[in-house]
Amino acid sequence: MRQDEAEVAVVVVAGGRGMRAAVGDAPPLPKQYRLLAGRPVLARTLDAFIASPAVALIQTVIGVEDRERYNTAISTCLTPKASARLLPPAVGGTTRQGSVRAGLEALAAAGFSGIVLVHDAARPFVSEALLARAVAAGGTHRAAIPVTPLADTVKRLDASGCVVETPPRAELGAVQTPQVFAFADLLAAHRRAADAGRDDFTDDAAVMEWAGENVATFVGDRGNVKLTHPEDFALAEERLTPPMSPRVGQGYDVHRFGEGDHVWLGGVRIPHDRGVIAHSDGDVVLHALTDALLGALAEDDIGVHFKPSDPRWRGAASDQFLAFAVERVRARGGRIDHLDTTVVCETPKVGPHRAAIRARIADIARLPLDRVSIKATTSERMGFTGRGEGLAALAMATVVLPVEPVR
Ligand code: MG
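Right, let's walk through the structure included here. (Residues numbered from 1 in each chain as written. Predicted model: local features only at pLDDT ≥ 70, side-chain atom pairs only at ≥ 80, totals over all residues. Heavy atoms only, no water.)

1. Some points on helix α5 (residues 128-140)
Selection rule: To qualify as a helix, a DSSP run of H or I must reach at least 4 residues; to qualify as a strand, a run of E must reach at least 2; elements of each kind are numbered from the N terminus. Take the residue count of a helix, subtract one, and multiply by 1.5 Å to get its expected span. When accessible area is computed with a 1.4 Å probe and restricted to protein chains, residues below 20% of their type maximum are described as buried, those above 50% as exposed, and intermediate ones as partly exposed. Here a residue-residue contact requires only that any non-hydrogen atoms of the pair lie within 4.5 Å.
Helix length check: α5 (13 residues) gives 19 Å between terminal C-alpha atoms against 18 Å at 1.5 Å per residue, within 8%. Here α5 has its buried residues at L130, L131, A134, A137, G138 and G139. Buried residues along α5 sit in contact with α1 (41-50), β6 (115-120), β7 (143-149), β11 (179-182) and β12 (216-219).

2. A few points about the coordination of the magnesium ion
Cut-off, in case you're wondering: Donor criterion used throughout: N, O or S atom within 2.8 Å of the metal, extended to 3.2 Å for Na, K and Ca. Water excluded; incomplete-looking sites may result.
Ligation of the magnesium ion by protein atoms is provided by D253 (OD), D253 (OD), H255 (NE2) and H287 (ND1), these donors lying 2.2 to 2.7 Å from the ion. In terms of primary sequence, the donors binding the magnesium ion are separated according to D-x1-H-x31-H. Residue D253 is found in strand β13 (residues 244-258), and its partner H287 is found in helix α9 (residues 284-297); the two are separated by 34 residues along the sequence. Residue D253 shares its accessibility class with H287, and that shared class is buried.

3. A few points about the packing of helix α11 (residues 319-331) against helix α12 (residues 354-365)
Applied cut-off: The axes used here are C-alpha line fits, helices contributing only the stretch in contact, and every angle between their N-to-C directions lies in the interval 0 to 180 degrees. Here the word oblique covers every angle except those under 35 degrees (roughly parallel), over 145 (roughly antiparallel) and from 65 to 115 (roughly perpendicular). Charged residues are taken to be Asp, Glu, Lys and Arg, nonpolar residues to be Ala, Val, Leu, Ile, Met, Phe, Trp, Tyr, Cys and Pro, and polar residues to be all remaining types, Gly included.
Following both chains from N to C, one finds α11 and α12 inclined at 45 degrees, their axes separated by 9 Å at the closest point. Relative to α12, the element α11 lies oblique. Along its contact with α11, which presents D319, L322, A323 and V326, the element α12 presents R360, I361, I364 and A365. When grouped by side-chain class, the residues that make up the contact of α11 with α12 number six nonpolar, no polar and two charged.

4. Considering the packing of aromatic side chains
What counts is decided by this rule: Pairing of aromatic side chains here covers Phe, Tyr and the six-membered ring of Trp, requires ring centres within 6.5 Å, and sorts the geometry by plane angle: under 30 degrees stacked, over 60 edge-to-face, intermediate tilted. Put simply, a charge is over a ring when the Lys NZ or the Arg CZ is close to the ring centre, within 6 Å, and near the line of the ring normal, within 35 degrees.
By the definition in use, this model includes six aromatic pairs. Aromatic pair F306 and W313: ring centres 5.0 Å apart, planes at 80 degrees, arrangement edge-to-face. Across the pair, W313 and F306 agree in class, each one buried. Ring geometry for W313 against F321: centres 5.8 Å apart, planes inclined by 80 degrees, an arrangement best described as edge-to-face. Exposure remark for F321: the relative accessible area of 3% places this residue in the buried category. Aromatic ring contacts, followed pair by pair, group F306, W313, F321 and F324 into a single cluster. The ring of F233 has R34 sitting right over it, with the charged end atom 3.8 Å from the ring centre. The lysine or arginine in question, R239, covers the ring of F125, its NZ or CZ lying 3.6 Å from the ring centre.

5. Quick notes on the pattern of salt bridges
When the charged atoms of two side chains lie near each other, side chains of opposite charge can form a pair. Spelled out, the test is: Should a side-chain nitrogen of Lys or Arg be within 4 Å of a carboxyl oxygen of Asp or Glu, the pair is scored as a salt bridge.
Under the definition given, this model contains 24 salt bridges. Taking the shortest distance from any N to any O, the salt bridge between D340 and K375 comes out at 2.7 Å. Note that D340 is positioned in strand β17 (residues 335-344) and K375 in strand β18 (residues 372-377), a separation of 35 residues in sequence. Look at D340 and you get buried, because its relative accessible area is 18%. A relative accessible area of 33% means that K375 is categorised as partly exposed. Taken together, the salt bridges that share partners define one network made up of R96, D120, R123, D204 and K226.

6. Quick word on unusual backbone geometry
Put simply, T177 and P178 share a cis peptide bond, and its omega is 10 degrees. In this chain, T347 is followed by P348 through a cis amide linkage whose omega measures -5 degrees. Position of P348 relative to the elements: it lies in the loop between β17 and α12. Within the chain, A298 stands out as a residue other than glycine whose phi angle is a positive 55 degrees. With respect to the helices, strands and loops of the structure, A298 is situated in the loop between α9 and α10 (302-305). The exposure class assigned to A298 is exposed, which follows from its relative accessible area of 64%. In the Ramachandran plot, R381 falls in the positive-phi region, its phi being about 65 degrees despite a non-glycine side chain. Along the chain, the position of R381 falls in the loop between β18 and α13 (383-386).

7. Overview of the pairing of strand β19 (residues 390-402)
Which entries qualify depends on this criterion: Whether two strands pair comes down to DSSP finding at least two bridges between them.
Buried residues dominate β19, accounting for 10 of its 13 residues. The pairing of β13 with β19 spans 13 bridges and is classified as antiparallel. Counterpart to D253 in the pairing with β19 is A393. In the sheet, β17 pairs with β19 via nine bridges, with the strands oriented antiparallel.

8. Some details on the sheet that holds strand β16 (residues 275-277)
Strand order in the open sheet made by the five strands is β16-β13-β19-β17-β18, with mixed pairing throughout. Each end of this open sheet is capped by a strand with a single partner; those strands are β16 and β18. Strand-to-strand twist in this sheet, taken as the mean axis angle between neighbours without regard to direction, amounts to 30 degrees. Across the face of the sheet, α12 comes into contact with β17 and β18 while running at roughly 140 degrees to β18.

9. Brief notes about the side chain of H119
To keep it simple, the criterion reads: The term polar contact refers here to a pair of N or O atoms within 3.5 Å; inside protein, the definition further demands a hydrogen-donor-capable atom paired with an acceptor-capable atom, and it admits residues adjacent in sequence only when both atoms are side-chain atoms.
By the secondary structure assignment, H119 is in strand β6. In this structure H119 comes out as buried when scored by relative accessible area, which is 0%. Here the side chain of H119 touches T177 through a polar contact of 2.9 Å, side chain to side chain. The contacts of H119, once residues within four sequence positions are left out, are V10, V11, V12, V13, T45, F49, V126, T177, P178 and N224.

10. Observations regarding the pairing of strand β14 (residues 262-265)
Here β14 shows a clear split, with V263 and L265 buried on one side and none of H262 and W264 buried on the other. Direction of pairing for β14 relative to strand β15 (residues 268-271): antiparallel, over a ladder of four bridges. Bridge pairing in β15 places W264 opposite R269. Linking two consecutive strands that pair antiparallel, namely β14 and β15, is a turn of two residues; a positive phi of about 60 degrees is found at G266 within it.

The values reported here are purely geometric and, on their own, carry no functional implication.
Dropping the structure here:
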């Protein structure tokens, strides 16, 4: 059998305690179990291998106290297709080297022989292309590792932090995982290293180098970062946040004046010598804002969601209409950036109530005040508002929505 037809297994090393990524004094949750955009890092890492038809077996190595965490993590990626290839986890040693060895021994016990990839659980961004390069390198080399060029110059330092020398940067490379090996050779090298009392190798290529094997390289991937420090998690979270696009919606509403002693504007009761004729409380500001939000969402209009013929809305407080539209934005994974309204009427005077209206809209929409605007104008006694027959409101809503629907 040619080596490039050999079966491919991957050992995912998830036994570490991840102390460097710990925040504050909290007992550190190992970083491979921390949530990244809602899913454990380990689950996202395993996804890449589960998705690859090239990978026949996946052997995860976990810490002895992490069995529950492991079960929770993989419950988010267990499809029948995944379960068939995911071997029961092996329990790791106290060092990374010991953990890899445990994974290799578990594969050996399962009768595996072929090509093995060894990958750190804290690298959840393995691309299909990188995985393909690794498998290809495994077809032609007994040991190969992904390398990226260094952006920073590297110095060798002495114990006091003084520079001893500057190795030429062109001769250096940053090494990632997955590293790929002929399984039998890597297992033999690990067993020899353990027998020799060595447990300090930080990657598997180093074990092979120590065993006298040649280690080839292939092109790594800068995106394949190892989550190490708290800021790495913040950047990774950003990477997984869907791109958003802005939407602007407009709304317009009118109500005719009728019998009464108050009107509602923006959820605020304003004493007046007339009321408005309406099925609900006739709040033109909240109705226009509701339509502006529904417009930004392209989800019909207020009359479709709250039928005027429905007795439930007789005399209803209109804050529930706006709250509904706000909730729809949230359900779509979106965010309201700004709400702007203009009230058009000769009377009542809006000015004295402007601050209260603004605060009430901000409260209903759960927005800070500086994202809510309320303005008012007369019509210079022209037209229906100018003749005092009723009042009107125009509204604009600026919303950002995920470009792709949220899963
Ligand atoms: Mg209305």
